[in-house]
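# Structural description and commentary
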Amino acid sequence: MYAIVDCDNAYVSCERVFRPDLNGKPCVVLSNNDGCIVARSNEAKALGIKTGTPYYQLKERFPNGEVTVFSSNYELYGDITDRVMSLVRKAAPTFYRYSIDEGFCDLSGMEHLDLKKWGEDLSAFIWKATRMPVSIGIAKTKTLAKMASHYAKHYKGFNHCCLIGTDEQRVKALEGYDIDEVWGIGRRYAARLQATGIKTAYDFASKAESWVRATLNNVVAIRTWKELNGEDVIPMEEMSKKKSICTSRSFPGMITDLLNLRTHISNYAARCAEKLRKQQSVAQTVCVFVDTNHFREDLPQYWNMGEERLLTPSNNTQQIVQTANRCTERIFRQGYYYKRAGVIVMGIVPDNGIQTNFVDYDAERHEKMKKLDEALDKINREYGTETIVLASQQYTKKDGKGKADVFADAIRHDFKSPCYTTRWSDIPEAT
Amino acid sequence: MIRHCFVFLRIFASNLIDMEENRPIDGAEIITLDEIRHLKLPYFEGLAAGYPSPAGDYQHEKLDLNDKFVPHPEASYFVRVSGESMIGLGIYDGDICLVDRLEEISDGNVVVAFVNGGLTVKTLDTSTRDKGYLRLMPHNPDFKPIIIDAYDQFILQGKVTSIHRDTRKY
């Protein structure tokens, strides 16, 4: 059996940990740069507020602060969710974190326990320890567990934990589940299935395997079909090993010039390098993608990706940023309005087993770079992220005049909460 | 010498992961590299010196403040004290309290509570429960107890388990 533990409205719930007065009240979290809504409390959902709504529209609809608004504070969300996942890890023999707010447990060897009660107790314990509400789904396969957690989240009667144990329960769960909600079925495939008259997960699961193969011909979709039918086919390793790291964002406005685009990409690349060092690994390939705004059908569209292999795998900020910048220059085309870009580092291996390339490798330089990165990480850890950056990472100031000293001066986050648990200057005060 | 170090590392690490394959050995819990860094490995003197130190037999884990004061790291956080209401208990303005949400709270404990929009550090007094209210007791004659009845917003945030103060400025 597998369990998935999923934080309820994770970002909003993190904001409420030190603002218990907001429990039961509508609140939302905005995207980077205070652009649009990325997370909503249940009360905000009940008011009909949709994800993706621009902030200015929210302000028009609720001018008197009926809805509490937060700028995103990923430092806080990272710390609170780390605490939650750490507790889950201690509660089961095997644990794999799947994303910032969800993780899988393999419950093999625990079948003799009352797993429904195990889940209810774990959820109550996590709430007590961290003030994060979590929903737990338990089933024979990961796809069914994910479905169960959805039921646990949306129906109070489950007491935060839904167990799909018997075949009867499985069929009942599938029948009440829309096909486009199924984990592993993308939007495109869902639309294709709906066109053939499939509405629920049950409709899909009852089709013959040959039909699924003929209709979708996609490995992931076939695996999902098997998992819905109770066959455990998605390996755990697949969920945990980070073979690539991606840092990508939508821009606050649209970008037309290379210089500005390069600044953003430099920052994403630097972030990737930092993440690599944090997990003590190096990457073999750096990849950059740029994209225009698909919602603006009036504008010409462009999408491209450029990649470059590193001669010696690296996690050095300078090297990864420079490589990313070369990729950017290759794929940049003048005349488009860019909305989104990202950097992906791939071929990740532990940094103790670097295969050096004789042409490229300079041991002395490598050591120096390593020391520089260590110093960089230390300063940025102690004095706040982006205290020291490469010149190419410097954003233009909010008012457009000159360079911003820190990223914070280049973006809006007018409603940011303190980093209560990660900065001494921000810890809460009590009288 | 280097080989020796490596062998030692392997002995400890092999309990957790197969170094060559960098994958978990069957049955072992998967431990990320980040966690390995925080694992406490016994520290051996004399390895690099080539001649074993007689103290090696007495090697012992180093004392760690976290072990002593933070039994529930996931449930603990810091709060900075502002004001003089608790000076009778030796809690001064600017002190940093460690608050633990999992520690059981009983009458007389120092607690942090969210009261009507803000946090407060006080001693919990439930002896007046039968009369329909609780009291949060200051330890300073200049301050009055905070009376909490059904109309107050009152959310217990945890028990204060230790108090920290930098005395270098003294």
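All figures in this text were calculated on a predicted structure; none of them were measured in a lab.

### Remarks on the overall build of chain B
When helices and strands are tallied, chain B shows three helices and nine strands. Shown N-terminal to C-terminal, the secondary structure of chain B runs as helices and strands in the order α-β-β-α-α-β-β-β-β-β-β-β. Looking at chain B residue by residue over its 170 residues, the buried ones come to 29%. Put simply, 50% of the contacts in chain B that link residues at least 6 apart link residues at least 24 apart. Counting only carbon and sulfur atoms, one obtains 55% of the accessible surface of chain B, whose full area is about 11300 Å².

### Quick word on the overall build of chain A
A count of helical and extended segments in chain A gives 15 helices and 14 strands. For chain A, the C-alpha radius of gyration of 23 Å lies close to 22 Å, the compact-globule estimate for 431 residues. Expressed as a percentage of the 431 residues in chain A, the buried residues total 47%. In chain A, the share of contacts with a sequence separation of at least 24, taken over all contacts with a separation of at least 6, comes to 66%. If you sum the accessible surface of chain A, you get close to 21500 Å²; carbon and sulfur atoms cover 50% of it. Mean positive and mean negative side-chain charge positions of chain A (60 and 55 charges, respectively) differ by 2 Å.

### Describing the sheet that holds strand β6 (residues 102-106) of chain A
Residue and element names in this part refer to chain A. Taken in spatial order, the five strands line up as β5-β6-β1-β7-β8 in an open sheet, and their pairing is mixed. Whereas interior strands pair on both sides, the edge strands pair on one side only; in this sheet they are β5 (94-99) and β8 (161-163). If you compare each strand with its neighbour and ignore which way they point, the axes differ by 15° on average. Bridging between strand β1 (residues 2-7) and β6 involves five bridges; their strand directions are antiparallel. Within β6, the residue paired with Ile4 across the bridge is Phe104.

### Considerations on the side chain of Thr323 of chain A
Residues and elements named next belong to chain A. Mapped onto the elements, Thr323 comes out in helix α14 (residues 317-331). Thr323 sits in the buried class, given a relative accessible area of 1%. Dropping the residues within four chain positions of it, Thr323 is found in contact with Val286, Glu308 and Leu310.

### Concerning the confidence of the model for chain A
Averaged over every residue, the pLDDT of chain A is 88; residues scoring 70 or more account for 92%. Considering each helix and strand of chain A separately, the mean pLDDT is smallest for helix α12 (residues 236-240) of chain A, with a value of 65, and largest for strand β7 (residues 134-139) of chain A, with 98.

### With respect to the sheet that holds strand β3 (residues 37-40) of chain A
Residue and element names in this part refer to chain A. One open sheet holds the three strands; their spatial order is β3-β2-β4, and the pairing between them is mixed. Where the open sheet ends on each side, the last strands, each with one partner, are β3 and β4 (68-70). The mean angle between the axes of side-by-side strands here comes to 30°, regardless of whether they run parallel or antiparallel. Bridge count between strand β2 (residues 27-30) and β3: three bridges; the pairing is antiparallel.

### Brief notes about the pattern of salt bridges
All names here are of chain A. Overall, the coordinates contain 25 salt bridges over all chains when judged by the stated rule. Across the pair Lys146 and Asp6 runs a salt bridge, and its minimum N-O distance is 3.9 Å. Here Lys146, found in helix α6 (residues 142-154), pairs with Asp6, found in strand β1; they are 140 residues apart in sequence, far enough to count as distant. For the pair formed by Lys146 and Asp6, the shared burial category is buried. Ionic pairing is found between Arg97 and Asp82, a salt bridge with its closest N-O pair at 2.7 Å. Of this pair, Arg97 sits in strand β5 while Asp82 sits in helix α4 (residues 74-91), placing them 15 residues apart in sequence.

### Structural notes on the packing of aromatic side chains
Residue and element names in this part refer to chain A. Counted according to the given criterion, the structure contains 18 aromatic pairs over all chains. Taking 6.5 Å as the distance between ring centres and 65° as the angle between the ring planes, the aromatic pair formed by Tyr336 and Tyr338 counts as edge-to-face. We classify Tyr336 as partly exposed; its relative accessible area is 21%. Through pairs of rings, three or more aromatic residues link up here, namely Tyr151, Tyr155, Phe158 and Tyr177. Sitting over the ring of Tyr189, Arg188 keeps its end group 5.7 Å from the ring centre.

### Remarks on the packing of helix α1 (residues 10-17) of chain A against α4 of chain A
All names here are of chain A. At a minimum axis distance of 9 Å, the contact between α1 and α4 shows a crossing angle of 90°. By the criterion of interaxial angle, the relationship of α1 to α4 is roughly perpendicular. Listed contacts from α4 to Tyr11, Cys14, Glu15 and Val17 of α1 are Tyr74, Leu76, Tyr77, Ile80 and Thr81. When its residues are assigned to classes, the contact of α1 with α4 shows seven nonpolar, one polar and one charged.

Definitions and cut-offs
Residues numbered from 1 in each chain as written. Chains lettered and ligands numbered in written order. Predicted model: local features only at pLDDT ≥ 70, side-chain atom pairs only at ≥ 80, totals over all residues. Heavy atoms only, no water. Helix = DSSP H or I, 4+ residues; strand = E, 2+ residues; numbered from the N terminus. Buried < 20%, exposed > 50% of the residue type's maximum accessible area, 1.4 Å probe, protein only. Contact = heavy atoms within 4.5 Å. Areas by Shrake-Rupley, 256 points an atom, 1.4 Å probe, with all protein chains shown as cover. Rg over C-alpha atoms; globule rule 2.2 N^0.38 Å. Lys, Arg positive; Asp, Glu negative; His and termini not counted. Charge placed at Lys NZ, Arg CZ, Asp CG, Glu CD. Pairing = 2+ DSSP bridges. Axes fitted to C-alpha atoms, helices over the stretch in contact; angles between N-to-C directions. pLDDT = per-residue confidence, 0-100. Salt bridge = Lys/Arg side-chain N within 4 Å of Asp/Glu carboxyl O. Phe/Tyr/Trp six-rings, centres within 6.5 Å; stacked < 30°, edge-to-face > 60°. Lys NZ or Arg CZ within 6 Å of the ring centre and 35° of its normal. Parallel < 35°, antiparallel > 145°, perpendicular 65-115°, else oblique. Nonpolar A, V, L, I, M, F, W, Y, C, P; charged D, E, K, R; others polar.

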